[in-house]
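# Topology and contacts: notes
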Amino acid sequence: MMPPPTVALVILNYNGKKYLERFLPSVLKYAPQHAQIIVGDNASTDDSIDFVATQYPGVRLIRLEHNLGFAGGYNQVLLQVESDLYFLINSDIELRGPTDPLVSLMHQDHQIAALQPKILSFNKPDHFEHAGGAGGWIDMFGYPFCKGRLLDFFEKDEGQYDQSGEIFWASGAAMMVRASLFHELGGFDSKYFAHMEEIDWCWRAKRAGWKIVAEPGVSVYHIGGGTLPYNSNQKIYLNFRNNIATLIKNETTLKLIFILPSRIILDLMAAVSFASKANFSGCISIFKAYRTLLSWMPYLIKKRSQTNRMVRGKKFNRHGIYHGSLIWQFFVLGKKKFNQLIPAHV
C-alpha cells in the first residue's frame, strides 16, 4: 500500500491580520495530520507578517514583493512548496473539526484532481455560504452556482447535500488539489487576479478527464468577502470579466457561437438592472469588463489553443454541468434551491 500523501495547508494573506488572529488557531488545531502550515503573504501593508512570525514561529512564511491577487499569489507561493497535496484555505475560514477525511479521499481515489469540504456561513452557521456551498456547478451559459446557493439565495443546511460526489468546480476558499497536477495544468490564470480562477482550473481538469469532488463530511465556516466585499464594484468587474474569459478559453466553438451572443444579452440585462436600482457604478463595471475582454482576445485565443492541445485525446468529464438556464429557472420559474434544478440523488 502506498504511504499517505504529504499535505501543505497554504493560506494566502493580504492585510488579513484580524483573520489570522481569529482563525489561525483553528487551522493549527484541525489541519490534516503532519501537514505543513504555510502563510503566503501578498505584500501586505498591515503587520500580518510580524504577527505570524512572532506568535506562530512554526508557521512557514513566504513573502511576495507585490500583491499578485489570489491567482498570481498562489501560483508564486506554490512554486516554493513541496508536497503531494495542497490544501488552499482562505484567511477568513474557521475549521471546527478534523480535515483528514479530505486527505483520505484523495489517497483512495487517484482520479480526483481536487475536492472541497462543505462551506457554511461563519455568521449564519446553519446556512450555506456563497463561495462554494456543498459543491460548484455551472449551467449551459457558464453561470456558476452551488449546491445550497443559487445566485444570491442561500439555503439552510439540513443535510440535504451531505452525499459525497462529483461536482464541476471546487471553491478556492477551501480547496484540496493534487500538487503535480495543479502545475501540470498550468496553475491558476494569473491574469484573472481574483475570482473564477478555480473554476477555470477545474474546467481544464475536467476536460482532461479528472474528477472534481465535494466531501460534505467535512465542514468549514467562511466569513466571505474578507479581502473584497461581495457587493463591491471591483468584484462585479472581476466576476463578469473572468466568467466570460473562462467560457472563451474552455467552451467548444459551436457552443460559443450560441452562448456568447446570449451571454452578452443577459449581461446587458444585468447592467440595466443595476442602473434601475441606481447602482450606476455597478452597471459601468460590466461595460468595463467587456472593454477589457476585447483587449484580452489575443491572449484568450492563445490560452484556448494551449488548453486544446493539452487535453487532446482526453474524455471530458461533464459531471456538474446543468443543461438548462439558471437565470430562467431562478428569475422566471422562481426556483431558488439546487434540488429544484437537479435530482436529489446527484
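In case you missed it, the structure is sitting above this.
To start, this report covers the structure provided alongside it.

Reading the values: the criteria
Residues numbered from 1 in each chain as written. Predicted model: local features only at pLDDT ≥ 70, side-chain atom pairs only at ≥ 80, totals over all residues. Heavy atoms only, no water. Helix = DSSP H or I, 4+ residues; strand = E, 2+ residues; numbered from the N terminus. Rg over C-alpha atoms; globule rule 2.2 N^0.38 Å. Buried < 20%, exposed > 50% of the residue type's maximum accessible area, 1.4 Å probe, protein only. Contact = heavy atoms within 4.5 Å. Areas by Shrake-Rupley, 256 points an atom, 1.4 Å probe, with all protein chains shown as cover. Expected span 1.5 Å × (residues − 1). Bend = angle between axes of the 7 residues up to and from the residue. Axes fitted to C-alpha atoms, helices over the stretch in contact; angles between N-to-C directions. Parallel < 35°, antiparallel > 145°, perpendicular 65-115°, else oblique. Left-handed = near helix turned anticlockwise from the far one by under 90°. Nonpolar A, V, L, I, M, F, W, Y, C, P; charged D, E, K, R; others polar. Pairing = 2+ DSSP bridges. Salt bridge = Lys/Arg side-chain N within 4 Å of Asp/Glu carboxyl O. Patch = residues over 30% accessible without salt bridge, like charges linked within 9 Å, V, L, I, M, F, W, Y side chains within 5 Å. Polar contact = N/O pair within 3.5 Å; in protein donor to acceptor, adjacent residues only side chain to side chain.

So, about the overall build of the protein. For the protein, the count of helices and strands is 11 helices and 14 strands. A globule of 346 residues ought to have a C-alpha radius of gyration of about 20 Å, and the protein, at 19 Å, matches this closely. The C-alpha extent of the protein, read off along each of the three principal axes, is 55 × 45 × 40 Å. Counting the 346 residues in the protein, one finds 56% classified as buried. Considering only contacts in the protein between residues 6 or more positions apart, those separated by 24 or more positions represent 76%. When the accessible surface of the protein is split by element, carbon and sulfur atoms take 56% of a total near 15300 Å².

Our focus in this paragraph is helix H8 (residues 253-276). With 24 residues, H8 ought to run about 34 Å at 1.5 Å a step, and its terminal C-alpha atoms sit 34 Å apart, in line with that. Of all the bends found along H8, the most pronounced is centred on Ile259 and spans about 30°, while Pro261, a proline, follows it within four residues. Taken together, the buried positions of H8 are occupied by Leu256, Ile259, Ser262, Arg263, Leu266, Asp267 and Ala271. Looking one or two residues beyond H8, the residue adopting positive phi is Ala278, at roughly 65°.

Once that is clear, we can look at the packing of H8 against helix H9 (residues 280-311). Two quantities define a packed helix pair, namely the angle between the axes and the distance from one axis to the other. Where H8 contacts H9, the axes come no closer than 7 Å and their chain directions differ by 160°. Judged by the angle between their axes, H8 and H9 are roughly antiparallel. For the element pair H8 and H9, the recorded crossing hand is right-handed. Contact with H8, carried on its side by Thr253, Leu256, Arg263, Ile264, Asp267, Leu268, Ala270, Ala271, Phe274 and Ala275, involves Phe280, Gly282, Cys283, Ile286, Phe287, Tyr290 and Arg304 of H9 and no other residues of that element. In terms of residue class, the contact of H8 with H9 is made up of 12 nonpolar, two polar and three charged.

On to the environment of Gly40, then. Locating Gly40 in the fold gives a position in strand S2 (residues 36-41). Look at Gly40 and you get buried, because its relative accessible area is 0%. Considered as a pair, Gly40 and Val10 are 30 residues apart in the sequence and their alpha carbons are 6.9 Å apart. Setting aside residues up to four positions removed in sequence, Gly40 forms contacts with Ile11, Leu12, Asn13, Ile62 and Val77.

Across the 10 residues of strand S6 (residues 112-121), 10 count as buried, placing the element largely inside the fold. Relative to strand S13 (residues 211-222), S6 runs parallel, the two being bridged by nine bridges. The partner of Ile112 across the bridge, within S13, is Lys211. Two strands pair when backbone bridges link them, and S6 and strand S12 (residues 174-178) are joined in this way by two bridges, in the antiparallel orientation. In the sheet register, Leu115 faces S12, and the bridge partner there is Met176.

Time to look at the pattern of salt bridges. Scanning all chains against the criterion turns up 11 salt bridges. A salt bridge links Lys118 to Asp157, with the nearest nitrogen and oxygen atoms 2.9 Å apart. Highlighted residues: Lys118 in strand S6 and Asp157 in the loop between strand S10 (153-154) and strand S11 (165-167), separated in sequence by 39 residues. Lys118 sits in the buried class, given a relative accessible area of 5%.

On to the side chain of Ser91. Looking at where Ser91 falls in the secondary structure, it is placed in the loop between strand S4 (85-90) and strand S5 (93-95). For Ser91, a relative accessible area of 11% corresponds to the buried category. Discounting chain neighbours no more than four positions away, the residues touching Ser91 are Ile11, Leu12, Tyr19, Leu20 and Phe23.

Further remarks concern a nonpolar patch on the surface. A cluster of nonpolar residues, Trp328, Phe331, Val332 and Leu333, forms a patch on the protein surface that exposes about 450 Å² of accessible area. When you line up the elements, Val332 lands in helix H10 (residues 326-332).

For the rest of this paragraph, the subject is the environment of Ala43. Along the chain, Ala43 falls in the loop between S2 and helix H2 (48-55). The spatial distance from the C-alpha of Ala43 to the C-alpha of Gly69 is 9.9 Å, given a sequence separation of 26 residues. Excluding its chain neighbours within four sequence positions, the residues that come into contact with Ala43 are Tyr14, Leu64, Glu65, His66 and Asn67.

Counting through the fold element by element, Trp169 comes out in the loop between S11 and S12. Under the relative-accessibility criterion, Trp169 is labelled buried at 3%. Separated by 34 residues in the primary sequence, Trp169 and Trp203 have C-alpha atoms spaced 7.2 Å apart. Polar side-chain contacts of Trp169 include one of 2.7 Å to the backbone oxygen of Trp137.

These figures come from the coordinates and say nothing about function on their own.
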